[in-house]
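Understanding the architecture of this molecule
Read off the chains here:
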Amino acid sequence: MKFRLHDKDGKEVQAIADSLPDDELQIIAARVDNILDQRHMSPIVAPACAYLLRHFDHEAMGMFDMDDELEMAADAFMRDMMITAAKRERAIEIWKHKHSYDEVA
């Protein structure tokens, strides 16, 4: 089911995400790490390179193959984004469950 949260609801969901217990955060991190371990290359590098090629020459972009530091930064950025999304996904499940009981009462 797709829906869009209103601002007030989004803030409530974010508060839930921010207060998830450590054991749930560990499960989320393990899930994200498992997803990322299944890939040979960061999923953000290819689209980033395609975008940058619109603005910079091919030789400059070719140097990304030699730039391990940049690839590690891209991996860390992608992992952070995925953990944030997974925390919000879990918080939305909690929020929906809470509000389904509110409707019944």
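Higher on the page you've got the structure.
This text gives an overview of the structure that appears in the document. (Residues numbered from 1 in each chain as written. Predicted model: local features only at pLDDT ≥ 70, side-chain atom pairs only at ≥ 80, totals over all residues. Heavy atoms only, no water.)

Examining the environment of Leu-52
- Examined against the element boundaries, Leu-52 turns out to sit in helix α3 (residues 45-53).
- Discounting residues that sit within four places of it in the chain, Leu-52 has contacts with Met-61 and Phe-64. (Helix = DSSP H or I, 4+ residues; strand = E, 2+ residues; numbered from the N terminus. Contact = heavy atoms within 4.5 Å.)

Overview of the side chain of Glu-12
- Of note, Glu-12 is situated in helix α1 (residues 7-18).
- With a relative accessible area of 19%, Glu-12 lands in the buried category.
- Within the structure, Glu-12 has its side chain in polar contact with the side chain of His-99 (distance 3.5 Å).
- Residue contacts for Glu-12: discarding those within four places in its chain leaves Trp-95, Lys-98 and His-99. (Buried < 20%, exposed > 50% of the residue type's maximum accessible area, 1.4 Å probe, protein only. Polar contact = N/O pair within 3.5 Å; in protein donor to acceptor, adjacent residues only side chain to side chain.)

Notes on the pattern of salt bridges
- Counting across every chain of the model gives 7 salt bridges.
- Here Lys-11 ties to Asp-7 by a salt bridge, and the two come within 3.3 Å at their closest N and O atoms. Highlighted residues: Lys-11 and Asp-7, both in helix α1, separated by 4 residues, approximately one helical turn. The pair formed by Lys-11 and Asp-7 is uniform in burial state, with each residue classed as exposed.
- Between Arg-79 and Asp-33 there is a salt bridge; the shortest N-O distance is 2.6 Å. (Salt bridge = Lys/Arg side-chain N within 4 Å of Asp/Glu carboxyl O.)

That is the geometry; function is a separate question.
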